[in-house]
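Topology and contacts: notes
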Amino acid sequence: MDARDSIRPAAPARRRVSPLGPLIAAALACALPGCVDAVTVEQAPPPAALGVNESRALTLEFLRFDARRFAKTLTLEELRAIPRPTLEAIWLLDLDIAALIENALLKVMYMPPAEIAALPPAAKNLVGLLNMTPENADLRGTSLEGLLGVGNAVGLPTSKILSDLVGAAGNERLIPVEITAQAVLENLVSTHPNTQRRKGPPNDEHPDGIYPVAPHSIPVTLYDVVTDFAGLAEQFGPAPLDPAPEDPDSPKMHPGFIKAASGVKAALDDFTMTVRVDVNALPYKGVDATMADIASVNSTPGQIDTLFDFSQPDWLELDNLARHLSIGELTLAIPESAMRLPGGTSREPAPRGDSPVWEQPLWEFEHILARAGELRAAQIEDHCSTYGPQGTSTSDFQPVEVCIDGTGWTEISVDDSVVVEEPSPSYFWDILLEVAQARLHDGGLAEGEADLEVTLRDVPVGVETEALVASIKENLSKDPAVLKDMAIELNDNAAGDADFYLYQPSTEGGVAGQRDYLYFVAPDDIRKDDEGERVRDYAYESPGFFADAALTKKVSSTEEIDGDALHEKVEVRQGDTLYFADDEGRRYEIRIGDKPSAHRLSLTLTRIQ
């Protein structure tokens, strides 16, 4: 955005009305002897901009109107009218979605037969995989198919071998839903850029304004709440990755995991947000050097640390949030690899073996399957089971032995007298990967045609409103700076584009007007338009005040006064001379004049370059 024009517009730009405005106007009017009728005062046309070596006398005043525990209640409609960038900047919490992913998988597993029949082939196959048990496992087309021959030869059900191998009952799922959910969270959800980091206010710990997101969580902003999470699919759909410098060939895009989402009801129609603030509601009066005229600076940014009394439980109230947060319709997506990935046949490289699946992107279905198998293997105790012909209880002949050790390495040995092909030793996850890939492509699906998309309805998010509100209040109280832009909106009283303003520090008896400071504007003081964008860049090359026209001897500092350590500031007295440059590089001289009254200060502004 360009710096402000040197010719001031004849009429001010459209301004949003401050929600505190009516309160202030009424209070000030009735503070006079009797409430009087309002009068209309025609504004004088703006003065012409200063030329080089021209001067203008100006008088600044410092007034306060302290609103204590002022309660402002915003409706859903009023919140939605706040510019989107402001709402998006108000981070509320990192929402743990482990329960959401598990609930979504359960919805798939228990989908009614009629809905399963309507699914595309890949999604239909996914239902079968999630419900795979030792009893219903289909080993056709895999290296384990030979176990069927073992069963025929010795009268041993294949399900018995699988059941004993994993330590599960015949009708118990081979991979419990919580393990599948963990693999999906780790490999698909947590690798998405927008579940790893979020934007926030820059500070000493996060100078770039980038914050880490809690594991297995998505960041939630006020924009998400008041728009019923309208941006879920956009936020967690395909997103560019930051390639690792040591791996220039790494994938550049994450495929995302939410294809579509709708019907989320976070805030009910009568939702309200109430904030209570202690605020000086009047703006600071300053000087727009370009126009050599008085301008108003919003007083809110400098008060952010004292604006909210977090010791009072009602400093923030969120009423009429949905009691049980759920997603009306959610389409999850998981891509598959374009190639068939064989299971490994070697222990090396430890601890996962030589299957190429581990070299594929984490978020691909095959890699997620292998990770689920790895997690499941960690729960299986190392053991060996031997099997003899059924119905020969007195026989010592044990033609089949199945062993799994503590690393997940699995060996199935078959006596030479049983004429079947013995499966090659492999890790447990290699076995799972082979079986799952075969079943994923049932129905004639070729490799690369089994990308998974499944639409679910009424999926619970898994968080109660009470816990949600408590977390929001705790997070905001720890970092009130995230509410700064919203607080400015609530007390939007800036006008014009000041370069500096007058401030009088507090004393034990209040503001006495005995000491006068000039504060140089900071980035937070730049006013915003109706879209929440700053009307000009903060383009000051040498912010602050100087003792010389060459701007080499700075006399201002950011010393803390009344909690403000942000602004360059300097105490001034009658007869002082200061120099500064505006955001367009013009240089000016300030000569401090007398004090017409305790809260007023006169000065002469001269453009010197």
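These numbers come from a predicted model, not from an experiment.

**Details of the overall build of the chain**
- Regarding its fold elements, the chain presents 15 helices and 25 strands.
- For the chain, the computed accessible surface area is about 28800 Å², with 51% contributed by carbon and sulfur atoms.

**What about the sheet that holds strand β10 (residues 267-280)?**
- Judged by pairing direction, the sheet is antiparallel, and its three strands sit side by side in the order β2-β10-β13 without closing on themselves. This sheet does not close on itself; its edge strands, each paired only once, are β2 (66-75) and β13 (316-321). This sheet shows a mean twist of 10 degrees between the axes of neighbouring strands, independent of strand direction.

**Description of helix α14 (residues 465-478)**
- Between its first and last C-alpha atoms α14 spans 20 Å; for 14 residues at 1.5 Å apiece the expected length is 20 Å, and the two agree.
- Along α14, the positions that sit buried rather than exposed are Thr465, Leu468, Val469, Ile472, Asn475 and Leu476. Looking down the long axis of α14, one finds its buried residues gathered within 135 degrees of arc, a one-sided arrangement. For α14, the exposed residues lying more than 90 degrees away from the buried face are Glu466 and Lys478.
- On its buried side, α14 packs onto β3 (91-96), β13, β14 (324-334) and β19 (452-464).

**Some words on the packing of helix α4 (residues 98-109) against helix α9 (residues 177-189)**
- Contact geometry for α4 and α9: axes closest at 9 Å, N-to-C directions at 120 degrees. Relative to α9, α4 is oriented oblique. The handedness of the crossing between α4 and α9 is right-handed. Counting all contacts with α4, which are made through Ala98, Ile101, Glu102, Leu105, Leu106 and Met109, the residues of α9 involved are Val177, Glu178, Thr180, Ala181, Val184, Leu185 and Val189.

**So, the pattern of salt bridges**
- As enumerated under the stated definition, the model contains 33 salt bridges in all.
- For lysine 569, the salt bridge is made with aspartate 564, and the minimal N-O distance between the two is 3.4 Å. Neither lysine 569 nor aspartate 564 differs from the other in exposure class; each is buried.
- Salt-bridge contacts for arginine 586 lead to glutamate 584; the nearest nitrogen and oxygen are separated by 2.4 Å.
- By relative accessible area, arginine 586 is classed as buried at 16%.
- Given a relative accessible area of 28%, glutamate 584 falls into the partly exposed group.
- Within this structure, Arg69, Arg276, Asp314 and Glu317 form a network of salt bridges that share partners.

**Focus on the state of the cysteines**
- The full count for this structure, using the stated rule, is one disulfide.
- Across a sulfur-sulfur distance of 2.0 Å, cysteine 384 and cysteine 403 are joined as a disulfide pair. Handedness of the cysteine 384-cysteine 403 disulfide follows from its S-S torsion of about 115 degrees: it is right-handed. A residue pair is termed long-range when its members are at least 10 positions apart, and cysteine 384 in strand β15 (residues 383-387) and cysteine 403 in strand β16 (residues 400-404) qualify at 19 residues.

**Things to note about the packing of aromatic side chains**
- Counted according to the given criterion, the structure contains 21 aromatic pairs.
- For the ring pair tryptophan 358 and tryptophan 429, a centre distance of 6.4 Å and an interplane angle of 80 degrees mean the geometry is edge-to-face. Of the two residues, tryptophan 358 sits in the loop between β14 and α12 (365-377) while tryptophan 429 sits in helix α13 (residues 428-440), which places them 71 residues apart along the sequence. Neither residue differs from the other here; tryptophan 358 and tryptophan 429 are each classed as buried.
- These aromatic residues form a ring-pair network of at least three members: Phe500, Phe520, Tyr538, Tyr540, Phe545, Phe580 and Tyr588.
- The aromatic ring of tryptophan 358 is capped on one face by arginine 352, whose charged end is 3.9 Å from the ring centroid.
- The ring of tyrosine 519 has lysine 569 sitting right over it, with the charged end atom 5.1 Å from the ring centre.

**Here we look at the environment of lysine 553**
- Examined against the element boundaries, lysine 553 turns out to sit in the loop between β21 (516-520) and β22 (569-572).
- As for lysine 553 and tyrosine 579, which are separated by 26 residues in sequence, their C-alpha atoms are 9.7 Å apart.

**What about the nonpolar core?**
- Ranked by internal contacts, the top residues of the largest apolar core, which has 123 residues, are Leu79, Leu95, Leu222, Met273, Leu476 and Met486.
- Excluding residues that lie within four positions of it along the chain, leucine 79 makes contacts with Leu74, Leu87, Leu222, Val226, Phe271, Met273 and Met486.
- Core analysis: the second largest hydrophobic core is formed by 33 residues, Leu60, Val297, Tyr517 and Leu578 among them.

**What about unusual backbone geometry?**
- The peptide bond linking glutamate 348 to proline 349 adopts the cis configuration, its omega dihedral lying at -5 degrees.
- Inspection of the secondary structure puts proline 349 in the loop between β14 and α12.
- Residue proline 351 follows alanine 350 across a cis peptide bond; omega there is 5 degrees.
- A positive phi is found at histidine 216, a non-glycine position, where the angle reads about 60 degrees.
- Tracing the backbone through its elements, the reader meets histidine 216 in the loop between β5 (210-212) and β6 (217-221).
- Even without being a glycine, aspartate 562 presents a positive backbone phi close to 50 degrees.
- Within the secondary structure, aspartate 562 is located in the loop between β21 and β22.

**Things to note about the pairing of strand β17 (residues 409-414)**
- Relative to β17, β16 runs antiparallel, the two being bridged by five bridges. The residue of β17 that forms the bridge with valine 400 is valine 414.
- Connecting β16 to the next strand, β17, in antiparallel fashion are four residues, including glycine 408 with a positive phi near 95 degrees.
- For β17 and strand β18 (residues 426-427), the ladder comprises two bridges, and the chain directions are antiparallel. Bridge pairing links tryptophan 409 to tyrosine 427 in β18.

About the criteria used
- Residues numbered from 1 in each chain as written.
- Predicted model: local features only at pLDDT ≥ 70, side-chain atom pairs only at ≥ 80, totals over all residues.
- Heavy atoms only, no water.
- Helix = DSSP H or I, 4+ residues; strand = E, 2+ residues; numbered from the N terminus.
- Areas by Shrake-Rupley, 256 points an atom, 1.4 Å probe, with all protein chains shown as cover.
- Pairing = 2+ DSSP bridges.
- Axes fitted to C-alpha atoms, helices over the stretch in contact; angles between N-to-C directions.
- Expected span 1.5 Å × (residues − 1).
- Buried < 20%, exposed > 50% of the residue type's maximum accessible area, 1.4 Å probe, protein only.
- Arc of directions from axis to C-beta.
- Contact = heavy atoms within 4.5 Å.
- Parallel < 35°, antiparallel > 145°, perpendicular 65-115°, else oblique.
- Left-handed = near helix turned anticlockwise from the far one by under 90°.
- Salt bridge = Lys/Arg side-chain N within 4 Å of Asp/Glu carboxyl O.
- Disulfide = S-S within 2.5 Å.
- Phe/Tyr/Trp six-rings, centres within 6.5 Å; stacked < 30°, edge-to-face > 60°.
- Lys NZ or Arg CZ within 6 Å of the ring centre and 35° of its normal.
- Core = buried A, V, L, I, M, F, W, Y, C linked by side-chain atoms within 4.5 Å.

Purely spatial values, then, with no claim about function.
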